[in-house]
Amino acid sequence: MLVSYKRVLITGGYGFIGSALVRKLLHQTKLKILNIDKIGYASNLSSVNKLIESNKNFYQERYSFLKIDLLNSNDLKNAIFEFKPNLVFHLAAETHVDKSIINPNKFVTNNIIGTSNLLEILNQYFKGLSLSEKNLFKFIHVSTDEVFGSLGKNGKFSEISPYKPNSPYAASKAGSDHLVKAWSKTYGFPAIVTNCSNNFGPWQFPEKLIPLTISKSLKKEAIPLYGNGKNVRDWIYVEDHVNALIECANNGKINSSYCIGGNNEISNINLVNLICTILDEKKPWEKSYKTLIKFVLDRAGHDYRYAIDSSKIKSELEWKPTHNFEESLSLTIDWYLKENDQ
Ligand SMILES: NC(=O)c1ccc[n+]([C@@H]2O[C@H](COP(=O)([O-])OP(=O)(O)OC[C@H]3O[C@@H](n4cnc5c(N)ncnc54)[C@H](O)[C@@H]3O)[C@@H](O)[C@H]2O)c1
C-alpha cells in the first residue's frame, strides 16, 4: 500500500476521517506521517494518540503533529518545506452545514482561503522538486458530494455532474474544489479531487446525524430530526472512504476527480429509527428510544437527496466499498456505547 511514497502530509488528521486515515497509514504502511491540524472543536486527539500510545516504539518515530491553522501561511510553509512530503491528503475543513448557515464567512475563510494558502505553498514546494520527485508527488483533495446540490427522487451524482452547491458549507467546498482544479490546469500541479457521500464510523463528532442520534439517545434527550425526516443520504463507512483515498493516491489519474459512495441510500427518519431499534436491543430501557424522536423546523435550504454513482473509481481503480451498512452501523454503535461507558 502506497509503497512508492515515504513522507505523507495529512491536513485535518485529528478530525473524524483524517484520523481514520492516519490510523490506517500508521498501522498498515511504513510511511512517515505529518499531521497538520488547528485542533478545532471537532478534533479529537485520542483518535490518533490512543493508537500511538498502544505501541510507542513502533509508531512514535513515524508520526509527527504540528498545531497549525492553514490560514497561517508562515508556519505552514516552514512545516512543508521542512517535512518535504511526496504525498498530501487535504482533509482540513470546517464541516458542519448548520454552523455554516450561522457563520458563513468563517467557512469561506477557512475552507477557501485555507485551501488556497495550502495550494500556493505546495505549488512553490513542488516547483523545486527534481523530475523524479515531481513524477511521484500527488495532492489528494478530499471533498464532498454536497458540491453537486440536491437530487430529486431519481438519478445519481457522478464526475460530470454540474456544481450546484446550496449551503454555505457546500459552496465553500465547491470553491476549494475549483481552486484545486485551477492549480492543476494552470500550474500543472498534480492534484486529484474526490467527492464522497456521508461518512459514518467511530470518532465522529456528535453534531452529525448518526453520533448525534446515539448520544441523544444515551442521554435520554430529544433526538432532533429536520422537517419530515424524508431527506435521503447515501452512507459510506469511513474505512471504505479511506481505502478509496488510498487507491486514488496509488493509481488515481492526476488532474481528475473521483466520486465515492457507499450505495446505501436511506432516509433520515428510517436511519434514526434503525439506530433506535439497534439501541433498543443493545441497551434496553423502559421505553423505545424511538419515543425520543422530535421533528424540528427544517434546515434552511435543506438538500432533499444525495446519491453517488461510483462506477468510475470502481472501474479505473478497482475500489469498491466492502463494509456492509447494517453491520458497520452496529459496530459504530458498539463503539459509542463503549466510549460512553468509559
Ligand atoms: N464527514 C463526512 O461525511 C464527509 C463526507 C465527504 C467529504 N468530507 C470531507 O472530508 C474532510 C474531513 O471531514 P471530517 O468529517 O473528518 O471533518 P471534521 O470536522 O471531523 O474534522 C476536520 C478537521 O480539520 C481541522 N481543520 C479545520 N480547518 C482547519 C484549518 N484551517 N487548519 C488546520 N486544521 C483545520 C479541524 O480542526 C478538524 O480536526 C472535510 O474536508 C470534509 O469536507 C466529509
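Each value, and the rule that gives it
Residues numbered from 1 in each chain as written. Predicted model: local features only at pLDDT ≥ 70, side-chain atom pairs only at ≥ 80, totals over all residues. Pairing = 2+ DSSP bridges. Helix = DSSP H or I, 4+ residues; strand = E, 2+ residues; numbered from the N terminus. Axes fitted to C-alpha atoms, helices over the stretch in contact; angles between N-to-C directions. Expected span 1.5 Å × (residues − 1). Near = placed C-beta within 6 Å. Core = buried A, V, L, I, M, F, W, Y, C linked by C-beta atoms within 7 Å. Buried ≥ 20, exposed ≤ 12 C-beta atoms within 10 Å, placed from the backbone. Contact = placed C-beta atoms within 7 Å.

### As for the sheet that holds strand 5 (residues 138-144)
Here is step 1: Pairing within the open sheet is parallel, and its 7 strands lie in the order 3-2-1-4-5-6-11. Of all strands in the sheet, those bounded by a partner on one side alone are strand 3 (63-67) and strand 11 (256-260). For this sheet, the mean inter-axis angle between neighbouring strands, taken without regard to orientation, is 20°.
Here is step 2: Bridging between strand 6 (residues 191-196) and strand 11 involves 5 bridges; their strand directions are parallel. Within strand 11, the position partnered with T194 by the bridge is Y258.

### Let's talk about helix 8 (residues 168-187)
For the α-helix, the turn length of 3.6 residues means that residues three or four positions removed from each other point alike.
Here is step 1: For helix 8, which comprises 20 residues, the first-to-last C-alpha distance of 28 Å matches the rise-based estimate of 28 Å (1.5 Å per residue) to within 8%.
Here is step 2: Where helix 8 terminates, the next one or two residues include G188, which has phi positive at roughly 65°.

### Thoughts on the site of the ligand
Here is step 1: Looking at the ligand, there are 31 residues lining it, with G12, G15, G40, S43 and A93 nearest.
Here is step 2: Residue assignment for the shell around the ligand shows that the elements contributing at least two residues are helix 1 (16-28), helix 6 (104-127) and strand 5.

### What about the nonpolar core?
Within soluble globular proteins, side chains that are nonpolar generally end up buried alongside one another.
Here is step 1: The biggest cluster of nonpolar side chains holds 84 residues, and the ones touching the most others in it are V8, L21, F89, I140 and L245.
Here is step 2: With residues up to four places along the chain from it excluded, the contact list for L245 reads L21, F89, I140, V142 and T194.

Keep in mind that these numbers describe shape and distance, not what the molecule does.
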